[in-house]
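Residues per chain are reported as follows:
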Amino acid sequence: MAKNVMDTLRERGFIKQTVYEEELYKLLGSESVPFYIGFDPTADSLHVGHFMQLIAMKHMQDAGHKPIVLIGGGTGMIGDPSGRTDMRLMMTRETVDYHCECFRKQMSKFIKFGGDNGAIMVNNADWLLNLNYIDFLRDIGVHFSVNKMLSAECFKSRYERGLSFFEFNYMLMQAYDFLVLYKKYGCKLELGGDDQWSNILAGADLIRRKLQKPAFAMTFTLLTTSDGRKMGKTAKGAVWLDENKTTPYEFYQYWRNTDDADVEKCLKLLTFLPLEEIAGLCAHKDERMNAAKERLAYELTKMVHGQEKADAAQAQAKAAFGGDAGNMPSAQIPADTASVADALVACGAAKSKSEARRLIEGGGVKVDDEKISDVNAPVPASAKEKGEFVLHKGKKVHILVRLA
């Protein structure tokens, strides 16, 4: 086999925690290892929060290991307390099946299904929904210490708000998934985000206790900004991989607006560019960082939406922001400008507020990529947060508006 995938993952900043590390390193360097990552089927599209898992899966598969995509159709009916404050909605089997199909289509752009070390997709509803509770307690529950469970971070953070017994079962269910996948497919490794550490560790521990066989756990660093916020959220909500939920242009712009401090990390974790090239792109901490941001945005849009749509999004962004078009005018308006109509007047795109309202009613006004249809629409929170936005009046007038 080629280079050990653990070296690749470590160099690019993925690995956060692991157990039996030397043993796992040897295993991954000597044979094809079936591994799994769990995905919640709560929507009909994956989002940016799943991105790292997909990239890690591809690194693993490219190194000769076999991905198992576990869809949580059963556990999704209970709810995972990790990092959540709410109980999740129950879904029908038909809804879960439809979501699986959507996931498979999106994942196929990153990993291959079928053939040598081809990925497979399984649904834990197949074995969880028909469990006999007494048998499960005798067979699985006996291996879990409540004291140890209560010390897990995912439960500790829920004490004050309350933790139902319903959710307390989640760790047992996830551990049981790993055991089933071990028995059915020889799965020896579970991967996931670091907020899943306790649950992933529980599964590896269950296999070692119950079967006296080696099983491994590894978590990845979470995709967060330098100030600790989870990436993949905008004022409008999640950044989706489905172009009907987040357009290729919006997707491109999300990454183009990455903070300077996060660009190098994102290039390492989310693209397959060589590390030397990334170091070169990020060598200068000045306006030259913009080239690195454009490369990040382009590479990710190409991966998710294909080259044609990535080219179109890049061209649209350059035209809107004056890159190749070159001469987009700019205007500075007060930061407390309340409405889009006020902004049109303040930057000279409309002579009066009544003209501004007529323009909005006629459907000719956009803020960045968002069409404005309400004459009283406020300046979007995302624009205020950035401190600037592009105001489009019709097809020919584009003004870079800065809030000061």
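For clarity, every value in this text was computed on a predicted model and none was experimentally measured.

**A closer look at the pattern of salt bridges**
Move 1: Scanning all chains against the criterion turns up 19 salt bridges.
Move 2: One salt bridge in this structure joins Asp 205 and Arg 209, with 2.9 Å as the shortest N-O distance. Taken together, the residues Asp 205 and Arg 209, both in helix H11 (residues 197–211) and 4 residues apart, mark about one turn of the helix.
Move 3: For Asp 205, a relative accessible area of 27% corresponds to the partly exposed category.
Move 4: Take Arg 209: its relative accessible area is 41%, and that puts it in the partly exposed class.
Move 5: As a salt-bridge pair, Glu 264 and Lys 285 come within 3.8 Å of each other at their nearest N and O atoms. One end of the pair, Glu 264, is in helix H13 (residues 260–270); the other, Lys 285, is in the loop between helix H14 (275–281) and helix H15 (289–305), and 21 residues separate them in sequence.
Move 6: By relative accessible area, which is 26% here, Glu 264 ends up partly exposed.
Move 7: Here the salt bridges do not stand alone but share partners, grouping Lys 148, Asp 205 and Arg 209 into one network.

**Some remarks on the sheet that holds strand S11 (residues 370–371)**
Move 1: Read across the sheet, 5 strands follow the order S9-S13-S12-S10-S11 without closing on themselves; strand pairing throughout is mixed. Of all strands in the sheet, those bounded by a partner on one side alone are strand S9 (330–333) and S11.
Move 2: For strand S10 (residues 365–367) and S11, the ladder comprises 2 bridges, and the chain directions are antiparallel. Opposite Val 367, over in S11, you have Glu 370 as the bridge partner.

**Description of a nonpolar patch on the surface**
Move 1: Side chains of Tyr 133, Ile 134, Leu 137 and Phe 165 sit close together on the surface and give an oily, nonpolar patch of about 420 Å² of accessible area.
Move 2: Note on placement: Phe 165 falls in helix H9 (residues 165–168).
Move 3: Phe 165 gets classed as exposed once you look at its relative accessible area, which sits at 56%.

**Things to note about unusual backbone geometry**
Phi is mostly negative for residues that are not glycine, and the peptide bonds are mostly trans.
Move 1: One non-glycine residue, Tyr 20, lies in positive phi territory at about 50 degrees.
Move 2: By secondary structure assignment, the location of Tyr 20 is in the loop between strand S1 (15–18) and helix H2 (21–30).
Move 3: According to the relative accessible area criterion, Tyr 20 is partly exposed, its value standing at 43%.
Move 4: A positive phi angle, close to 50 degrees, is found at Gln 212, a residue other than glycine.
Move 5: As for its position among the elements, Gln 212 is in the loop between H11 and strand S6 (216–220).

Scoring rules and cut-offs
Residues numbered from 1 in each chain as written. Predicted model: local features only at pLDDT ≥ 70, side-chain atom pairs only at ≥ 80, totals over all residues. Heavy atoms only, no water. Salt bridge = Lys/Arg side-chain N within 4 Å of Asp/Glu carboxyl O. Helix = DSSP H or I, 4+ residues; strand = E, 2+ residues; numbered from the N terminus. Buried < 20%, exposed > 50% of the residue type's maximum accessible area, 1.4 Å probe, protein only. Pairing = 2+ DSSP bridges. Patch = residues over 30% accessible without salt bridge, like charges linked within 9 Å, V, L, I, M, F, W, Y side chains within 5 Å. Areas by Shrake-Rupley, 256 points an atom, 1.4 Å probe, with all protein chains shown as cover.

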